[in-house]
Amino acid sequence: MADQYAEWLAAIPKTELHLHLDGSLQAHRMLSLADKHGIRLPYATVSDVEAAYQFKDLQSFLDLYYLGASVLRDEDDFYHLMMDYLLVCRDENIVHTEIMIEPQTYAPNSVEFATMMAGFSRAINEAAENWGQSVGLILSLLRHLSEEDALETLQAADAFRDQFIAIGLASSELGNPPEKFVRLYAAARERGYRLVAHAGEEGPAEYIWQALNLLHVDRIDHGVRCLEDPKLVVHLAKARIPLTVCPLSNVRLCVFDNMSDHTLLQLLEQGLCVTVNSDDPAYFGGYLSANYLALQASLGMDRAQTLKLIKNGFEASFLADSVKDAYLKQLSEWPNS
Ligand code: ADE
Ligand code: ZN
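This report concerns the structure included in the present document. (Residues numbered from 1 in each chain as written. Chains lettered and ligands numbered in written order. Predicted model: local features only at pLDDT ≥ 70, side-chain atom pairs only at ≥ 80, totals over all residues. Heavy atoms only, no water.)

What follows covers the coordination of the zinc ion (ligand 2). Only His18 (NE2), His20 (NE2), His198 (NE2) and Asp279 (OD) from the protein reach the zinc ion (ligand 2) as donors, at distances of 2.0 to 2.2 Å. Taken together, the four donor atoms surrounding the zinc ion (ligand 2) define angles of 81 to 172 degrees at the centre, an arrangement classified as irregular. (Donors = N, O, S within 2.8 Å, 3.2 Å for Na, K, Ca; no water. Tetrahedral: all angles 85-135°; square planar, octahedral: opposite > 155°, others 65-115°.)

See the structure below:
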């Protein structure tokens, strides 16, 4: 049964809309890059790194995540990081992905914006040429830093404006509400970016309202705490505001105790445009398909529900309408047995 579901899932074209590229840094690459640049990490082996993947909340994860990302220094490092993930996309049939990259993470190590972009672009262009991979980049800004720092990063991105589709807001949510970034989102909107933001992962439903009403986002990353506010659920459903939900992440970061407690199917039943994503797959025990498989195993998610979630992924993407429509038509004819 499970094998047949996995085989069926693998053949379906999918999107991924919530993926932090630094969160796809595998332990072996973290160690080899630390070695290459003479950076001391408190881990000697892949098992040592993986043994540290025990998180009690978002912050305990972010501490390791930023330490891991500190080994990324030159153009080749960024190329390999991107290519490792795009090869997973090819293998899992993720035909379109919208990837968050976080230049503020590398700035303390004097990494130039242009160095990072050169590595990413080289991998993206190769993947597009070799297997037709579709990629959008999201300039993800860090909410534990100041709004001024984010605005400076937005300005630095002006030289690469055509390579980004959207801005996002990530990192420590509690204590850094969306209202801290109103000027940033207004400046991005003026520049023609689409807008997304993490809200309602650890933070309350009020943060989701702020992201909608003050930042005017097109899409909410996570958003699972919307269920605490029935009016918000109705609004999200009516306005078809997508939520990019990340099941394995939610369990690893203790947003839910167990996968069997996850509310994703409840959100789907209430008519929300919910999508499935992996967030930080190297740290949370699996890439996109592993997230679908975990939902199927723990919640008994069926094929019709799976197809709906995959369709939502295309609807919620920033693909051109004509491309979306072609995939949606293909999916509406997809066998669910
Ligand atoms: N950065 C990487 N993963 C994140 C998450 N799950 N929430 C907020 N910021 C993040
Ligand atoms: Zn995230």
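Reading across from one edge, E1-E2-E3-E4-E5-E6-E7-E8 is the order of the eight strands in this open sheet, with parallel pairing throughout. Looking along the sheet, the strands with just one partner apiece sit at the ends: strand E1 (14-20) and strand E8 (274-276). Across the sheet, the axes of successive neighbouring strands diverge by a mean angle of 25 degrees, strand direction being ignored. Note that E1 and strand E2 (residues 94-101) share five bridges and pair parallel. Looking at the pairing, lysine 14 lines up with isoleucine 94 of E2. (Pairing = 2+ DSSP bridges. Helix = DSSP H or I, 4+ residues; strand = E, 2+ residues; numbered from the N terminus. Axes fitted to C-alpha atoms, helices over the stretch in contact; angles between N-to-C directions.)

This brings us to the pairing of strand E3 (residues 134-142). The buried fraction of E3 is high, at seven of nine residues. For E2 and E3, the ladder comprises six bridges, and the chain directions are parallel. Within E3, the residue paired with histidine 96 across the bridge is serine 134. Note: E3 against strand E4 (residues 164-170), six bridges, orientation parallel. (Buried < 20%, exposed > 50% of the residue type's maximum accessible area, 1.4 Å probe, protein only.)

Here the focus is the site of ligand 1. In the vicinity of ligand 1, the residues found are His20, Leu58, Phe61, Leu62, Tyr65, Ala170, Ser171, His198, Glu201, His222, Asp279 and Asp280. Take histidine 20: an N or O atom from its side chain is 3.4 Å from a nitrogen atom of ligand 1. Aspartate 280 has a polar side-chain atom sitting 2.7 Å from a nitrogen atom of ligand 1. Within the complex, 99% of the 260 Å² of free accessible area of ligand 1 lies under protein. Looking at the shell around ligand 1 element by element, the count peaks at four residues for helix H4 (residues 58-69). Class assignment for the residues of the shell around ligand 1 results in five nonpolar, four polar and three charged. (Near = heavy atom within 4 Å. Polar contact = N/O pair within 3.5 Å; in protein donor to acceptor, adjacent residues only side chain to side chain. Areas by Shrake-Rupley, 256 points an atom, 1.4 Å probe, with all protein chains shown as cover. Nonpolar A, V, L, I, M, F, W, Y, C, P; charged D, E, K, R; others polar.)

Let us look at the environment of threonine 153. Note that threonine 153 resides in helix H8 (residues 147-156). The exposure class assigned to threonine 153 is buried, which follows from its relative accessible area of 9%. Once the C-alpha coordinates of threonine 153 and alanine 107 are considered, the two residues, 46 residues apart in sequence, prove to be 9.7 Å apart. Beyond its immediate chain neighbours, meaning those up to four positions away, threonine 153 contacts Pro103, Gln104, Phe113, Leu139 and Leu141. (Contact = heavy atoms within 4.5 Å.)

By the element assignment, aspartate 279 lies in the loop between E8 and helix H14 (281-284). Since its relative accessible area comes to 3%, aspartate 279 is described here as buried. Distance in space between the C-alpha atoms of aspartate 279 and valine 255 is 14 Å, their sequence separation being 24 residues. Once residues lying within four places of it in the same chain are set aside, the contact partners of aspartate 279 are His18, Leu19, His20, His198, Glu201, His222, Cys246, Ser249 and Phe284.

Contact geometry of helix H5 (residues 75-92) with helix H7 (residues 113-131) gives a least axis separation of 7 Å together with a crossing angle of 30 degrees. Viewed along their axes, H5 and H7 adopt a mutual orientation that is roughly parallel. Between H5 and H7 the crossing geometry is right-handed. Here Glu75, Asp76, Phe78, Tyr79, Met82, Met83, Leu86, Leu87 and Arg90 of H5 lie close against H7, whose contacting residues are Thr115, Met116, Ala118, Gly119, Phe120, Arg122, Ala123, Ile124, Glu126, Ala127 and Trp131. Residues of the contact of H5 with H7, tallied by class, amount to 13 nonpolar, two polar and five charged. (Parallel < 35°, antiparallel > 145°, perpendicular 65-115°, else oblique. Left-handed = near helix turned anticlockwise from the far one by under 90°.)

With that out of the way, let us pick up the environment of valine 217. Inspection of the secondary structure puts valine 217 in the loop between helix H10 (205-213) and strand E6 (219-222). Assessed through its relative accessible area of 6%, valine 217 is described here as buried. Taking C-alpha positions, valine 217 is 19 Å from leucine 267, a pair spaced 50 residues apart along the chain.

Remark: helix H1 (residues 2-11) packs on helix H16 (residues 303-316), axes separated minimally by 12 Å, with the N-to-C direction vectors making an angle of 25 degrees. With respect to each other, H1 and H16 are oriented roughly parallel. The interaxial crossing formed by H1 with H16 has right-handed handedness. Each of Gln4, Tyr5, Trp8 and Leu9 in H1 lies in contact with H16, whose residues at this interface are Arg303, Thr306, Leu307 and Ile310. Considered class by class, the residues forming the contact of H1 with H16 number five nonpolar, two polar and one charged.

Going through the model one piece at a time under the given rule, you end up with 15 salt bridges. Note that aspartate 57 is salt-bridged to lysine 56, the shortest N-O span being 3.8 Å. Of the residues examined, aspartate 57 reaches a relative accessible area of 23% and is grouped as partly exposed. Salt bridges sharing partners connect three or more residues here, namely Lys36, Asp74 and Asp77. (Salt bridge = Lys/Arg side-chain N within 4 Å of Asp/Glu carboxyl O.)

Centre distance and the angle of the planes are the two values used to describe a pair of aromatic rings. On inspection of all chains with the given rule, the structure shows 15 aromatic pairs. Aromatic pair tyrosine 5 and tryptophan 8: ring centres 5.7 Å apart, planes at 40 degrees, arrangement tilted. Here the residue tyrosine 5 and the residue tryptophan 8 both occupy positions in helix H1, the gap between them amounting to three residues, near one helical turn. Looking at tyrosine 5, the relative accessible area reads 2%, which means it is buried. (Phe/Tyr/Trp six-rings, centres within 6.5 Å; stacked < 30°, edge-to-face > 60°.)

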